[in-house]
Amino acid sequence: MTREESIRLTGLEQIGTEKNAVGRGLVLGFPAEAVPTKHGLHLYLFLEAEFSGKQRKALNQQLKEDEMLKGKVSISNPIGEEDAVWHMGNMFRVDMNFKNEEPKPTYDAALRLVETFLTEEAIRPATSCAICGQSGGDSVARYENRLALVHRACLQQWQREQSQKLELKQQNAGYFRGLIGGLIGGLVGAVPALGAMYFINFFVGVLFALIPLGIYFGWKLFGGKLSIVTTVFTILYTLVVALATEVVHLWLILREEFPEFQFTIRETLDFYLDFEFFREYLMIDTLMALGFAIVGIWIAWRQIRQTDASAAQDTVTVLEEAVSVGGHTVRD
Ligand SMILES: [Zn+2]
């Protein structure tokens, strides 16, 4: 089965081709996206709906007890997973495995079960436009990091306003305010990593990711222009802050171990400049700090590479990839 065939099964409109092909539209009246993987043998169906962990468990139990669906269809919470990183709303994911199966009966049976469950739990789709709040909506779009029902006209207006705002910012905003915000943000972002090193004596890559994120959001918060300059600064300053974190960590340890000497930061730095001492005692920790800074940059990469220009382009993509759903109808 191809990815295209897998999408066709859902009745959703296909966006993109080959490996990037996804289906988007309404399923059971809910904004939905279908993402086929493994040559179409696996289908992730994302439904935008208020769904609690308890409800997810209950529905999973029903799927397990179903003779036809057990072991093939399950429900998961995609938030935080790679394929739903863009997503900030409420959604649940139906995972379907068509291996050795006739896909159509499996899909239909799974959908029937999900529909019954949603009805019983009184989980209903939104019936108003996510932008203007008026009832109705004719399109499904990835609006503000969630799948939403919107009016196309509202989406077009939103896109125009956003791109004008970003254009204005590109013309008027400078780098100075961003730089100040970035410098402060990096220091704030380093506190958790320093805390982990000092209190539990441990490098944690995820915490090092807070350094580039702190720099980036500090820059953005202070109204600095976001461009390639921001990304380069974020990378370089992350390495500087990571090294500084390592120095401060050593300084805290020295103060604790040898309170009678009252070491200063300057004296602590001297240890790093003593090549023999550095090689023997400090090199591994320093290299680890730099290594974890790079891991942190990698984790934060999707965020820190975003610029005002790419944000403007993203609004165009949101509009282009909005799918018409012909009023607000529920697919049967
Ligand atoms: Zn609207």
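Note that the structure is predicted; figures quoted are calculated from it, not measured.

**Some thoughts on the overall build of the chain**
The helix and strand tally for the chain stands at 11 helices and 9 strands. For 332 residues, the compact-globule estimate of 2.2 N^0.38 gives 20 Å, and the C-alpha radius of gyration of the chain, at 25 Å, exceeds that figure by more than 25%. With the principal axes as the frame, the chain shows a C-alpha extent of 75 × 50 × 35 Å. Burial statistics for the chain: of 332 residues in total, 31% are counted as buried. Taking all contacts inside the chain whose residues are at least 6 apart in sequence as the whole, residues at least 24 apart take part in 63%.

**Some thoughts on the domain arrangement of the chain**
Taken domain by domain, the chain comprises domain 1 (3–125) and domain 2 (168–315). For domain 1 and domain 2, the distance between their C-alpha centroids amounts to 40 Å.

**Focus: the environment of R24**
Here R24 shows up in strand 2 (residues 22–27). Here R24 falls in the buried class, since 27 other C-beta atoms lie within 10 Å of it. Measuring from C-alpha to C-alpha, the distance between R24 and M96 comes to 17 Å, with 72 residues separating the pair along the chain. Those residues in contact with R24 that sit more than four places away from it in its chain are L12, E13, I15, E33, V140 and V323.

**Overview of the packing of helix 7 (residues 210–221) against helix 10 (residues 275–304)**
Packing of helix 7 against helix 10 brings their axes to within 7 Å, and their N-to-C directions diverge by 40°. By the angle between their directions, the pair helix 7 and helix 10 is classed as oblique. For the pair helix 7 and helix 10, contact is made by I211, P212, L213 and Y216 and by A293, G296, I297, A300, Q303 and I304, respectively. Residue classes in the contact of helix 7 with helix 10 are distributed as 8 nonpolar, 2 polar and no charged.

**So, helix 7**
Given 3.6 residues to a turn, an α-helix orients residues that are three or four positions apart in the same direction. In a regular helix each residue adds 1.5 Å, so 12 residues correspond to 16 Å; helix 7 covers 15 Å between its end C-alpha atoms and thus fits that length. Across the 12 residues of helix 7, 9 count as buried, placing the element largely inside the fold. By the burial criterion, the buried members of helix 7 are L210, I211, P212, L213, G214, I215, Y216, G218 and W219. Turning to helix 7, the residues buried within the fold contact helix 5 (176–199), helix 6 (205–208), helix 8 (228–257) and helix 10.

**Regarding the sheet that holds strand 9 (residues 323–324)**
The strand order 8-7-9 describes an open sheet built from 3 strands, whose pairing is antiparallel. Each of the sheet's edge strands pairs with one partner strand only, and the pair in question is strand 8 (146–150) and strand 9. One ladder, built from 2 bridges, connects strand 7 (residues 139–143) with strand 9; its direction is antiparallel. What sits directly across from V140, in strand 9, is V323. With respect to the sheet, helix 4 (residues 152–172) is in contact with strand 7 and strand 8, its orientation differing from that of strand 7 by roughly 30°.

About the thresholds
- Residues numbered from 1 in each chain as written.
- Predicted model: local features only at pLDDT ≥ 70, side-chain atom pairs only at ≥ 80, totals over all residues.
- Helix = DSSP H or I, 4+ residues; strand = E, 2+ residues; numbered from the N terminus.
- Rg over C-alpha atoms; globule rule 2.2 N^0.38 Å.
- Buried ≥ 20, exposed ≤ 12 C-beta atoms within 10 Å, placed from the backbone.
- Contact = placed C-beta atoms within 7 Å.
- Domains from an automatic or database assignment.
- Axes fitted to C-alpha atoms, helices over the stretch in contact; angles between N-to-C directions.
- Parallel < 35°, antiparallel > 145°, perpendicular 65-115°, else oblique.
- Nonpolar A, V, L, I, M, F, W, Y, C, P; charged D, E, K, R; others polar.
- Expected span 1.5 Å × (residues − 1).
- Pairing = 2+ DSSP bridges.

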